[in-house]
Amino acid sequence: MAFIKKTIRVLYLLLLHIFSVVGILTVVMLMGILMTINNTVNTLGEGNQRQGLLSLSMQKTEEVTKPKILFVSLSGQFAEDAEGLHIDLSGKGTKLIHTYIHRIYEAAEDENIKGMLLAYSNGQLGVAQSEELRAAVAHFKSKNKPIRFYAQDFGYKNALPYYTIALEADKIYMQPSSTLILHELDVQQNFFADLLKEQGLAADFMAMGAYKSFADRFTRSSFNEKVRQNMTLLVDDISQNNFSLVAKRLGKSSADTLKHFQQLPLYSSERALRNKLITDVAYFDDVKKAYVEELQLGKTEEDGDKKEADKNNDIDDNFVNVEAYMSPKMKFLKSDDIKAKDKIGVIVLEGEIIDNGGGASLEGEVITPAQVETKLKHASKIENLKALVVRINSPGGSATASETIWHSIKAFKEEHNIPVITSMGGIAASGGYYIACAGDKIMADANTITGSIGVIFGKFVIKDFLKKWGVNMDYLKDESSVSHALGFSRKFNERERKYLVQHLEEAYTTFKTRVSEARNLDMNAVENVAQGQVWSGKRAIEKGLVDEQGGLREAIAKAAELAATEDFIPQMIQEPRNIFLMLKQITQRASVLFNAANVVNKTTQAVENSTKARAQFKLEAHEMQ
């Protein structure tokens, strides 16, 4: 008990500390907003330069007018949406993945961009995002432009997606005495049922679908065998997709390569070199200097063969950061000439799906029906809008909100009589897939986590836990009253459970109906791939849940094809970036932190008061003896 009390106190102090930091973060973020207020997001977004550990000096947006190397930093956090409040405490900055991808494609066509250098140091790029970035790098390579990849260390747990990108480079470098770890994916799940029981807590959940496993962590002590089989299939698919790329480099079969790394996943940089997993071992500055010399950049008439970069020690002048880079085509897109072009609208929906007024989530961004409705209204005002692409990166959430968003997209499609393509990013599961069903076509990356067609509902019962700490629940009405059905004092009774199961069955049937109509599958076929099962994007195509493999770029091309337009530009649709929107998001996030801290504080006070009362009782009892 002392340990639990101490833990609660530590959590409380930590939350208060975080809440106090929010004020500082607010000031910092406001300064950032003021600095970038004139750098608003245009077609497919413009990110601001953020330095990582392996970085160049700060650069303003520039058009490249002389030969340079495109520099791409892969450190830090990557996001899909430019609007969200992405708080990154790593110091490496949040980057917009589609800005990177778009500019790499543009740079491939720019005659002044002579090569590309990618640098990696502990990033947070998902396996599906890495697919789309790798495709962009491969396209750049197809233009016969040399590519170098530098890794300060491949020793991080999520290094495999970055290594698959490195495989597209002509040369791969690692820092001396660093580590390369390539291992198959796995899922570690913590189960809390025993702990909850010990503390007098209980989880009472109902699920439609034998594989709908969200509540298992609270109701079980280990994986449900059906869930284990399904999740194993998912991670094996993703591992196979990635290791097949490694196998090509080594000239071995995918099976042999995977088996090899199952036995020996860890290499020093020197051993990685001996095993031909990389090209060379070197320091970052040396790689940059050698690359500039190889491409013969920085020469002047006065210096002849002498590099101006060497003379002035300004190697970085020969590089342009991908976030600062402006291609000739991008410059054109800033002009008024774009008004006459056909447009393919793109909206990004990223995060947990919640009902309107649901606030913010500490785990990341959120999607609300009101937010989607606002974006669709902006889309309706675009001149010459020929199609719409809805990019989804969401694990799901509220069934009601998902239905509302699904209806809004369908209504928009019918009102404007244009094709709608849904492009699924890293994850489009449960409510995320529900929304995807509003499109005419669904596209996903090979590693996109999709499916989880099912419904879950439940609550936690805390009465006995509070009683252990001397807190007693009392009621005006009897505890068996239906008014306590959704409360935390007791589990659902049989009558309530029967009604709720019926309600969930109706919601599950609606979900399957949406899938059946969107995918042209009968209900039995849907049931076979539903029940909460999750699939890789590649397998989802085989199961009929996805039409084609491809990322956002391919989805835009598909939308243009269905709209029968060839002369078009994609246009990202967002709420205007303004200080009030950012302040609202900051306030919502701070409110979540404050409420959490307040709950912990009250619980701590209750525990302390109970402990003091017990101690006093024991003292008085002792004195009476």
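### Points about the overall build of the protein chain
Consideration 1: Helix and strand counts for the protein chain stand at 21 helices and 25 strands.
Consideration 2: The 625 residues of the protein chain split such that 50% are buried.
Consideration 3: At a minimum sequence separation of 6, the contacts of the protein chain that also span at least 24 residues come to 76%.
Consideration 4: When the accessible surface of the protein chain is totalled, it reaches about 30100 Å², and 52% of it is carbon and sulfur.

### So, unusual backbone geometry
Consideration 1: Even without being glycine, Ser452 reaches a positive phi, approximately 55°.
Consideration 2: Locating Ser452 in the fold gives a position in the loop between strand 21 (449–451) and strand 22 (455–461).

### Quick notes on helix 13 (residues 369–380)
Consideration 1: Along its twelve residues, helix 13 runs 16 Å from first to last C-alpha, staying within 8% of the 16 Å computed at 1.5 Å per residue.
Consideration 2: Every buried residue of helix 13 is listed here: Pro369, Gln371, Val372, Lys375, Leu376 and Ala379. Buried residues of helix 13 fall within an arc of 160° about the axis and therefore sit on the same side.
Consideration 3: Summarising the contacts, the buried residues of helix 13 are in contact with strand 15 (342–350), strand 17 (366–367), strand 18 (385–394) and helix 14 (399–416).

### Side note on the sheet that holds strand 5 (residues 113–121)
Consideration 1: Sheet architecture is open: six strands sit in the order 12-8-7-5-2-13, paired in parallel fashion. At either end of the open sheet lies a strand with only one pairing partner, and these are strand 12 (280–281) and strand 13 (319–321).
Consideration 2: The sheet contacts of helix 3 (residues 127–142) involve strand 5 and strand 7 (147–153), and relative to strand 5 the element is tilted by about 150°.
Consideration 3: Across the sheet, helix 10 (residues 284–294) lies against strand 2 (68–73), strand 5, strand 7, strand 8 (171–174) and strand 13, angled at about 170° from strand 5, the strand it touches most.

### Some remarks on the pattern of salt bridges
Consideration 1: All chains considered together, the criterion is met by 18 salt bridges.
Consideration 2: One salt bridge connects Asp170 with Arg148, and the closest N-O pair in it is separated by 3.9 Å. Placement of the pair is Asp170 in the loop between helix 4 (160–166) and strand 8 and Arg148 in strand 7, with a sequence separation of 22 residues.
Consideration 3: Here the residues in one salt-bridge network are Glu80, Glu132 and Arg391, joined through shared partners.

### A few points about helix 10
Consideration 1: Within helix 10, the full set of buried residues consists of Phe284, Val287, Lys288, Tyr291 and Val292. Considered in projection along helix 10, the buried side chains sweep an arc of 130° and stay on one side of the axis.
Consideration 2: On its buried face, helix 10 sits against strand 2, strand 5, strand 7, strand 8 and strand 13.
Consideration 3: Where helix 10 ends, the next residue or the one after it, Gln296, has phi of about 55°, a positive value.

### Looking at the side chain of Ser489
Consideration 1: Relative to the elements of secondary structure, Ser489 occurs in the loop between helix 16 (463–468) and helix 17 (494–519).
Consideration 2: Those residues in contact with Ser489 that lie beyond four places of it in its chain are Val461, Lys463, Met473, Tyr475, Glu479 and His484.

### Regarding the environment of Tyr434
Consideration 1: Checked against the element boundaries, Tyr434 lands in helix 15 (residues 431–436).
Consideration 2: Remark: the alpha-carbon pair of Tyr434 and Trp406, spanning 28 residues in sequence, is separated by 7.1 Å.
Consideration 3: When neighbours within four sequence positions are excluded, Tyr434 is seen to be in contact with Ser402, Glu403, Trp406, Thr510, Phe511 and Arg514.

### A few points about the pairing of strand 19 (residues 420–429)
Consideration 1: Most of strand 19 is tucked away, with eight of its ten residues classed as buried.
Consideration 2: Note: strand 18 against strand 19, six bridges, orientation parallel. Across the sheet, the residue bridging to Arg391 is Ser423, located in strand 19.
Consideration 3: In terms of handedness, the path from strand 18 via helix 14 over to strand 19 forms a crossover that is right-handed.
Consideration 4: When strand 19 meets strand 20 (residues 441–444), the two strands line up parallel, connected through four bridges. Within strand 20, the position partnered with Met424 by the bridge is Ala444.

### Concerning the nonpolar core
Consideration 1: By size, the foremost hydrophobic cluster in this structure holds 49 residues, and its most contacted members are Leu70, Leu74, Phe149, Phe154 and Leu180.
Consideration 2: The leading source of residues in this core is helix 2 (residues 97–108), at seven residues.
Consideration 3: Filtering out sequence-adjacent residues up to four positions away, Phe149 remains in contact with Leu74, Leu118, Tyr120, Phe154, Tyr162, Ile165, Ala166, Ala169, Lys171, Ile172 and Tyr173.
Consideration 4: Counting residues in each nonpolar core, the second largest holds 47 residues, with Val390, Trp406, Phe412 and Ile442 among its members.

### Things to note about the confidence of the model for the protein chain
Consideration 1: For the protein chain, the average pLDDT comes to 80, and 74% of its residues sit at 70 or higher.
Consideration 2: Across the protein chain, the element-wise mean pLDDT spans from 42 in helix 1 (residues 2–36) up to 98 in strand 20.
Consideration 3: Here residues 577–582 is a poorly scored stretch, pLDDT under 50, and it has nine contacts once near neighbours within four places are set aside; other chains count.
Consideration 4: Counting contacts from residues 613–625, a segment whose pLDDT is below 50, to residues more than four positions away or on other chains yields four contacts.

### Describing the packing of aromatic side chains
Consideration 1: Using the criterion set out here, one finds 17 aromatic pairs in the structure.
Consideration 2: Relative to Phe284, the ring of Phe71 lies with its centre 6.2 Å away and its plane at 50°, an arrangement referred to as tilted. Taken together, the residues Phe71 in strand 2 and Phe284 in helix 10 connect sequence positions 213 residues apart. Considered together, Phe71 and Phe284 belong to a single accessibility category, that of buried residues.
Consideration 3: With a centroid separation of 6.5 Å and an interplanar angle of 20°, the aromatic rings of Phe205 and Phe218 are classed as stacked. With Phe205 in strand 10 (residues 202–208) and Phe218 in helix 6 (residues 216–219), this residue pair connects regions lying 13 residues apart in the sequence.
Consideration 4: Linked through ring pairs, Tyr120, Phe149, Phe154, Tyr162 and Tyr163 together constitute an aromatic cluster.
Consideration 5: Residue placement shows Arg514 over the ring face of Trp406; its charged tip is 4.0 Å from the ring centre.
Consideration 6: When the ring centre of Tyr105 is taken as reference, the NZ or CZ atom of Arg553 above it lies at 3.5 Å.

Each value, and the rule that gives it
- Residues numbered from 1 in each chain as written.
- Predicted model: local features only at pLDDT ≥ 70, side-chain atom pairs only at ≥ 80, totals over all residues.
- Heavy atoms only, no water.
- Helix = DSSP H or I, 4+ residues; strand = E, 2+ residues; numbered from the N terminus.
- Buried < 20%, exposed > 50% of the residue type's maximum accessible area, 1.4 Å probe, protein only.
- Contact = heavy atoms within 4.5 Å.
- Areas by Shrake-Rupley, 256 points an atom, 1.4 Å probe, with all protein chains shown as cover.
- Expected span 1.5 Å × (residues − 1).
- Arc of directions from axis to C-beta.
- Pairing = 2+ DSSP bridges.
- Axes fitted to C-alpha atoms, helices over the stretch in contact; angles between N-to-C directions.
- Salt bridge = Lys/Arg side-chain N within 4 Å of Asp/Glu carboxyl O.
- Right-handed = clockwise from strand over helix to strand, strands pointing away.
- Core = buried A, V, L, I, M, F, W, Y, C linked by side-chain atoms within 4.5 Å.
- pLDDT = per-residue confidence, 0-100.
- Phe/Tyr/Trp six-rings, centres within 6.5 Å; stacked < 30°, edge-to-face > 60°.
- Lys NZ or Arg CZ within 6 Å of the ring centre and 35° of its normal.

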